[in-house]
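# A look at the structure
What follows is each chain in one-letter form.
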Amino acid sequence: MDLTDKEYVEHCRDGHPEDFGLLVERYQKPLFAYLAGRVGDSGQAEEAAQESFVRAFMSLKKLRKPESFYSWLVGIASRVAREQFRSSARRQRDREVAERMMTDATDSNKEYPLEEAIAGLPESHRQVILLRYYERLSCQEIATRLGAPLGTVTKTLSRAYALLRQELAAREGAEPTVNQTQQL
Amino acid sequence: MNCAECRDNLVACAEGLLDRETLLECRAHLETCASCRAEYQAIASLQQRLVARGQAAAEVSLVAPVMQRVLQKQRESEGESFMSKILKHRWGFGLGTATGAAAILLIALLTLPKMQATAEEVMTRGAQVVAKLTSIRFRGELRTWPVDNFGYINADCPFCPIELWKQFEPQLKWRIEKPGRVVVMDGESTVMLLKPEHVAVKHPFRTTSAFDTDWLQQIANVSETISNELDNARAKGWKLSLKQEAGTDGRLESVVTILAKTTVPANDYEKNNWIWTADTRRVYRFDAQSGLLEAMQVYLLRPSGDVKIFDLSQIDYNQPIEPGVWTLELPADVSWVQNQLPTLTNNAVYAAMTPEQAAKAFFEACSRNDWGEAGKFLVESPVPNMLKQKLGGLQIISIGTAFTSAAGKDQIVPYEIKLQYGTNRKWNLALAKDQASGRWFVDGGLP
């Protein structure tokens, strides 16, 4: 069975930095999807995702709640995305253009709150959502992977859907917000 | 079924997990209850959004580049040793003009305390000396079919040449080629061409890895590969051994051997079909003086004896790469693979098929030369001419029962067909389900 985020974070801190690769593997797809939604360009999203992971690694010791790794990571990514826009504005010496880009990207893709909402799920629920949709496993495959009965997987999925719908409904029309209490 | 029972079953219903009886009861309730129907539609709508998000990120592969940067940062923060500075300096010259630096290196080596290097030390040093590559090119041979996937291996195949070019700086670009297929990532997009079929597939964005090339990309990231091997050896108890040998040109080589085991069961259909489902012995050959990885071999472990399946004999580090390498010439009649199947007007008929029914329907369409119908089971559009020539007018002899592999998500349907020129083909058709349309498409296993 896979280790929890907390266990991976603790391994990294205990002198096994290579375990960070397993956290990257776990969250690379949702983080990329989130950033693609924020910046509207897959190349920039990939760069931003890499940068976010590297910053997270370098600040891992500051993470007060290892079990909230992903939520913390999304907070970092949010900041990296904003920095990308600012940097773009500096390069173009035209802040208005950058503002417009940001507005366009935000308008063109309203889906990134989905990853923010996923970040807020309890770990067991988030794990099932990530395996089902970002690793594209069937429910049966998830059950095998987690060593859990199929019924447990569908129940967890059902609860995760309910939590996501609740969170998305609350966010509708709102600007993206992430719990950034532990951000860099 | 009442509302509470229906809602308990909604997710299983949306996932296609209900038995027939419960499904019918659930459907009957949904037809009459607007509230449960709305709940079901809300779940389905959320599922669609999640599927789309997963698809958008399907090809992302950040582990290698992130870990390269992370481990580099860590090394920097731990401070650089005199040795690593010397080695980095050497790489700054480029290999072609490294004679002077090699002399410095030799002095450095001679002044180190005499010690017996272990396999881990040789590997660690091998990772350090290539920590900052600007480019890499390697040529090797793999036992596989020329047209098959880049990760497919077959110990009974003859060796097939395989070549990689990768530029890390100033902009990431890569190309991987074997006789039957080629992938080019030119910094903007990633295109694979299946040469004999004239079929191409494009990701309109840059990638660090795509189209089954991950293991070759990993080898190209030499420093990280070596570090990963070490980490895996420590974590999984893989056996490491070291010996010194004279290379073909008489120079001394440090040869590290690793026995690597996968978790794929021995009786799995995909066992030993892919480089990542195979139990292997990997042999890394480092120049004893510079610590540089110069060659690598992979042997497939079989009860009947080990078979060499991959031989990487030439590695060029930090050499300029011709710009033409990043250009891919496409044939005029190229067919493009659709990233997502269109939803048909009678889509439900196809979405309800079992894998066996889909395989039968596909082959029957081929037998009638009905390429409009056959195309509904293919991601290539239009149907490639080569496929039409090969499969047109076939006769179905048998369609077996679908099964799955622990190593993949496809449903695999055994079949036997007679091709129009009289040849019988008995093989397994791999079918995958398109998430958006819910239809089966052929993912592999055609003659």
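A few words now on the overall build of chain A. Within chain A, the secondary structure is distributed over 9 helices and 0 strands. Within chain A, the fraction of its 184 residues that count as buried is 44%. Nonlocal contacts in chain A, meaning residues at least 24 apart in sequence, comprise 69% of its contacts between residues at least 6 apart.

Let's shift gears to the packing of helix α7 (residues 119-129) of chain B against helix α9 (residues 222-236) of chain B. Residue and element names in this part refer to chain B. Their axes nearest at 8 Å, the elements α7 and α9 cross at an angle of 155°. With respect to α9, the axis of α7 lies roughly antiparallel. The handedness of the crossing between α7 and α9 comes out as left-handed. Here Glu120, Met123, Thr124, Gly126 and Ala127 of α7 lie close against α9, whose contacting residues are Ser223, Ile226, Ser227, Glu229 and Leu230. Classifying every residue of the contact of α7 with α9 by side-chain character gives 4 nonpolar, 4 polar and 2 charged.

Here helix α3 (residues 34-56) of chain B contains 23 residues, and its C-alpha end-to-end distance of 33 Å stays within 8% of the 33 Å for a straight helix at 1.5 Å per residue. Along α3 of chain B, the residues that are buried comprise Cys36, Tyr40, Ile43, Leu50, Arg53 and Gly54 of chain B.

All names here are of chain B. Here chain B shows a mean pLDDT of 83. Residues at 70 or above account for 90%. For chain B, the element scoring lowest by mean pLDDT is helix α5 (residues 82-93), at 32; helix α11 (residues 355-367) scores highest, at 96. Contacts from residues 79-116, a stretch scored under 50 in pLDDT, to residues over four places away or in other chains number 25 contacts. In the model output, the complex is listed with pTM 0.48 alongside ipTM 0.77.

With that settled, consider the environment of arginine 139 of chain B. Here arginine 139 of chain B is to be found in strand β1 (residues 135-143). When sequence neighbours within four positions are dropped, the list of residues in contact with arginine 139 of chain B reads Pro161, Glu163, Ser313 and Gln314 of chain B.

With that settled, consider the pairing of strand β11 (residues 307-317) of chain B. Residue and element names in this part refer to chain B. Examined bridge by bridge, β1 and β11 share 7 bridges and lie antiparallel to one another. Each bridged residue has a counterpart across the sheet, and for isoleucine 136 the counterpart in β11 is tyrosine 317. One ladder, built from 5 bridges, connects strand β10 (residues 293-300) with β11; its direction is antiparallel. Its bridge partner being in β11, methionine 296 is matched across the sheet by leucine 312. Where β10 folds back onto β11 in an antiparallel hairpin, the turn is made up of 6 residues, including glycine 305, whose phi is positive at roughly 130°.

Turning next to the interface of chain B and chain A. Contacts between chain B and chain A engage 30 residues on the former and 33 residues on the latter. Those elements that provide at least two residues to the side of chain B that touches chain A are α1 (3-14), α3, α4 (63-77) and α9 of chain B. Here the side of chain B that touches chain A is composed, by residue class, of 19 nonpolar, 3 polar and 8 charged.

This next bit is on unusual backbone geometry. All names here are of chain B. Residue glutamate 169 is joined to proline 170 through a cis peptide bond whose omega torsion reads 0°. In this structure, proline 170 sits in the loop between β2 (159-167) and β3 (173-178). Cis geometry is adopted by the peptide bond preceding proline 382, which originates at serine 381 and carries an omega value of -5°. Position of proline 382 among the secondary structure elements: in the loop between β13 (380-381) and α13 (385-391). Even without being a glycine, phenylalanine 211 presents a positive backbone phi close to 55°.

The nonpolar side chains of soluble globular proteins are, as a tendency, buried together. Formed by 67 residues in total, the largest nonpolar core has its most connected members in Val24, Phe32, Leu35, Ala49, Leu73 and Ala77 of chain A. Broken down by element, this core gets its largest block of residues, 11 residues, from helix α2 (residues 20-39) of chain A. Split by domain, this core shows at least three residues from each of two domains, domain 1 (3-56) and domain 2 (63-326) of chain B. Listed in part, the 50 residues of the second largest apolar core include Ala119, Val130, Val256 and Tyr299 of chain B.

Parameters at a glance
Residues numbered from 1 in each chain as written. Chains lettered and ligands numbered in written order. Predicted model: local features only at pLDDT ≥ 70, side-chain atom pairs only at ≥ 80, totals over all residues. Helix = DSSP H or I, 4+ residues; strand = E, 2+ residues; numbered from the N terminus. Buried ≥ 20, exposed ≤ 12 C-beta atoms within 10 Å, placed from the backbone. Contact = placed C-beta atoms within 7 Å. Axes fitted to C-alpha atoms, helices over the stretch in contact; angles between N-to-C directions. Parallel < 35°, antiparallel > 145°, perpendicular 65-115°, else oblique. Left-handed = near helix turned anticlockwise from the far one by under 90°. Nonpolar A, V, L, I, M, F, W, Y, C, P; charged D, E, K, R; others polar. Expected span 1.5 Å × (residues − 1). pLDDT = per-residue confidence, 0-100. Pairing = 2+ DSSP bridges. Core = buried A, V, L, I, M, F, W, Y, C linked by C-beta atoms within 7 Å. Domains from an automatic or database assignment.

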